[in-house]
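Notes for the structure review
Next come the chains, spelled out residue by residue.
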Amino acid sequence: MTDQYESPLASRYASKFMLRQFSAEKRIETWRRLWVALARAEHQLGLPVTAAQVEELERGVLPIDFAAAAEKEREIRHDVMAHIHTFGLSCPGARGIIHLGATSCYVTDNADLILYREALRYLRGQLAAVIENLAAFALEYRAMPALGYTHYQPAQLVTVGKRASLWLQDLMLDLEELEDVIAAIRFLGCRGTTGTEASFLDLFHGDTAKIDEMNRRIAAEFGFDRCYGVCGQTYPRKLDSRILNVLSSIGQSACRFANDLRLLQHDRQVEEPFEEKQVGSSAMPYKRNPMRCERICSLSRYLMADALNAPMTASAQWLERTLDDSANRRISLPEGFLCCDAVLRLMQNVTKGLHVNEKIVERFVAEYLPFIATENLMMEAVARGGDRQQLHELLRTHSMAATARMKAGQSCDLLDRLAADPAFGLSRAELEAVLDPRRYTGRCAEQTEAYARHCLETAKKIGAQRAEEIEL
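To start, this report covers the structure provided alongside it. (Residues numbered from 1 in each chain as written. Predicted model: local features only at pLDDT ≥ 70, side-chain atom pairs only at ≥ 80, totals over all residues. Heavy atoms only, no water.)

Turning next to the overall build of the protein chain. Broken down by element type, the protein chain carries 20 helices and four strands. Relative to a compact globule of 472 residues, whose C-alpha radius of gyration would be 23 Å, the protein chain shows 31 Å and is clearly more extended. Out of the 472 residues in the protein chain, the part that is buried amounts to 49%. Surface exposure of the protein chain reaches about 23,400 Å², of which carbon and sulfur atoms provide 52%. Separation between the mean location of the 58 positive side-chain charges and that of the 64 negative ones in the protein chain comes to 2 Å. (Helix = DSSP H or I, 4+ residues; strand = E, 2+ residues; numbered from the N terminus. Rg over C-alpha atoms; globule rule 2.2 N^0.38 Å. Buried < 20%, exposed > 50% of the residue type's maximum accessible area, 1.4 Å probe, protein only. Areas by Shrake-Rupley, 256 points an atom, 1.4 Å probe, with all protein chains shown as cover. Lys, Arg positive; Asp, Glu negative; His and termini not counted. Charge placed at Lys NZ, Arg CZ, Asp CG, Glu CD.)

See below:
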């Protein structure tokens with residue numbers, strides 16, 4: 001609706017998968033599946049829950065009457081109880097055993113764990129796609145000399161591919177962290193209002209083995225092989241910090257990449273994709289603004305700031321739990337996921353269509369190479385009988401003069417000056433023989449070849465694994 005606010009993350013940026021993942025229907029469907037799993041485990045372990053009631057609950061998971069739930073919530077001011085009531089309306093024969101022995105966090109927290117893990121796995125595939133694109137780019141340009149920068153001032157030569165390998169490494173570190181967070185997620189289980197499982201001690205007449213087995217069975221039904229060892233009413237909010245931190249980390253890497261590309265596009269060395277009919281400016285028709293990279297930086301900034309929510313929540317849990325985490329988490333976690341999804345979608349688009357203006361890259365190299373090669377030129381002149389200290393002074397003097405000329409808007413004439421100085425002892429041809437750019441890129445091609453191939457292999461494995469999961 002155009003007369004109500006809608007999050008731009010939903011309307012403009014995030015994928016259909018992520019929008020579905022954090023939809024009301026997906027969340028409440030997961031709640032209902034958790035109620036089914038609880039009833040099934042209770043039936044199997046001998047509580048007064050019949051097989052017919054479990055089957056009725058399974059059949060009644062969908063559809064969900066959200067209007068009836070909203071009406072009930074307005075009356076009782078409790079969302080979980082409203083949905084218990086609504087689920088009971090569609091499963092009248094099982095109404096009396098829904099949520100037996102549980103507290104609200106059984107469905108809310110376990111559902112969050114399920115949804116977050118699924119979303120993180122999806123983002124792993126998105127991140128792998130970016131890595132695959134960037135690794136292929138790095139390999140293609142692994143040996144192409146480019147002007148390197150420190151402090152954004154011209155420095156020694158690198159290669160276009162080696163610079164891309166630095167972006168790659170940031171993303172690979174994010175991938176490692178993402179894998180660790182996914183592996184760290186445990187199930188909460190059905191632990192009661194303060195985590196004591198007291199209600200189930202009564203239901204199972206003190207049989208603690210059955211309580212443990214119940215939690216094991218429910219966890220296994222959702223693909224978890226362990227529960228948190230102890231808990232209050234909720235799962236530890238430290239996990240939320242880890243989740244938002246890894247999303248922030250991805251944002252940091254994406255922003256670094258996009259900022260670097262914006263700097264390079266300023267000099268027209270490397271550019272983001274620009275479509276045939278794309279408009280760069282409403283006032284300046286010639287403009288090719290790096291709007292995708294600017295958007296990556298903008299969204300990443302939000303993502304990094306969003307990560308501050310989780311530690312503030314985790315540090316204020318008030319003994320066994322407090323509810324002031326609820327409204328914050330309801331916003332910060334889903335929005336963090338949607339934002340990270342948007343950033344990675346943009347990253348895929350940009351890394352798939354990176355364009356290198358090779359002649360401009362070569363021009364920058366040629367302009368600064370005489371300065372970069374001064375030490376090698378000095379060594380060549382020494383080899384021909386020159387005095388190292390005198391040669392150093394000549395190079396310093398002529399370099400300063402050539403730099404002053406460039407600052408006046410003229411071309412670099414350092415080689416001309418050296419060739420014309422008999423004290424330096426090298427002809428123009430001899431000077432130019434020392435200026436092959438490949439002599440000044442060190443191990444760039446070798447380093448990039450090895451690292452980018454490793455990244456490419458890792459990304460393709462994740463892509464194939466993701467394809468299998470989708471197919472299943």
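On to the nonpolar core, then. With 115 residues, the main nonpolar core has Y106, L120, L247 and F337 as its most contacted residues. Counting residues per element, this core draws most heavily on helix α7 (residues 104-140), which supplies 19 residues. Aside from chain neighbours lying at most four places away, what touches L247 is L120, L123, L303, G336, F337 and C340. Judged by nonpolar contacts, the second largest core, of 25 residues, contains F364, F371, I372 and A402. (Core = buried A, V, L, I, M, F, W, Y, C linked by side-chain atoms within 4.5 Å. Contact = heavy atoms within 4.5 Å.)

Let us now look at the pattern of salt bridges. Within this structure, the stated rule accounts for 33 salt bridges. Its salt-bridge partner being E221, residue R40 comes within 2.6 Å of it at the nearest N-O pair. Placement of the pair is R40 in helix α3 (residues 24-44) and E221 in helix α10 (residues 208-221), with a sequence separation of 181 residues. Residue class for R40 comes out buried when judged on its relative accessible area of 18%. (Salt bridge = Lys/Arg side-chain N within 4 Å of Asp/Glu carboxyl O.)

This part covers helix α17 (residues 388-407). With 20 residues, α17 should reach 28 Å at 1.5 Å per residue; the first-to-last C-alpha distance of 28 Å fits that figure. Of all the residues in α17, the buried ones are L391, L395, H398, S399, A402 and M406. For α17, the angular spread of buried residues about the axis comes to 115°, placing them on one side. Projecting away from the buried face of α17 at angles above 90 degrees are the exposed residues Q389, Q390, M400 and K407. Against the buried residues of α17 lie α15 (358-372), α16 (374-383) and α18 (414-420). Between the side-chain oxygen of the N-cap and the backbone nitrogen of Q389 there are 3.0 Å, and the N-cap of α17 in question is D387. Positive backbone phi, approximately 95°, marks G409, located one or two places after α17. (Expected span 1.5 Å × (residues − 1). Arc of directions from axis to C-beta. Polar contact = N/O pair within 3.5 Å; in protein donor to acceptor, adjacent residues only side chain to side chain.)

Here we take up the packing of aromatic side chains. Applying the stated criterion across every chain yields a total of 12 aromatic pairs. Taken together, a centroid distance of 5.6 Å and an interplanar angle of 25° make the contact between Y116 and F337 stacked. Residue Y116 is found in helix α7, and its partner F337 is found in helix α14 (residues 326-352); the two are separated by 221 residues along the sequence. Across the pair, F337 and Y116 agree in class, each one buried. (Phe/Tyr/Trp six-rings, centres within 6.5 Å; stacked < 30°, edge-to-face > 60°.)

Okay, helix α12 (residues 291-306) next. In a regular helix each residue adds 1.5 Å, so 16 residues correspond to 22 Å; α12 covers 22 Å between its end C-alpha atoms and thus fits that length. Of all the residues in α12, the buried ones are R292, C293, I296, C297, L299, S300, L303 and D306. Where the residues of α12 are buried, they touch α1 (8-13), α11 (238-266), α13 (309-314) and α14.

Take the pairing of strand β1 (residues 145-150) next. As defined by bridge partners, β1 adjoins strand β2 (residues 153-159) across five bridges and the pair is classed as antiparallel. Bridged to P145 within β2 is T159. In this structure, the hairpin formed by β1 and β2 is closed by a connection of two residues, where H151 is found at a positive phi of approximately 60°. (Pairing = 2+ DSSP bridges.)

This brings us to unusual backbone geometry. Glycine aside, the phi torsion of most residues is negative, and most peptide linkages are trans. Omega for the peptide link from L62 to P63 comes to 0°, which places this bond in the cis form. Inspection of the secondary structure assignment puts P63 in the loop between α4 (51-59) and α5 (66-76). In this model, Y152 sits at a positive phi of 55°, which is unusual for a non-glycine residue. Among the structural elements, Y152 can be located in the loop between β1 and β2. Even without glycine at this site, R268 takes up a positive phi of about 65°. Among the secondary structure elements, R268 is positioned in the loop between α11 and β3 (270-271).

Looking now at the environment of S7. Along the chain, S7 turns up in the segment before α1. Note on S7: relative accessible area 16%, which makes it buried.

Relative to the elements of secondary structure, L395 occurs in helix α17. Assessed through its relative accessible area of 6%, L395 is described here as buried. Residues L395 and G161 lie 234 residues apart in sequence; the distance between their C-alpha atoms is 31 Å. Discounting chain neighbours no more than four positions away, the residues touching L395 are T374, M378, L418 and F424.

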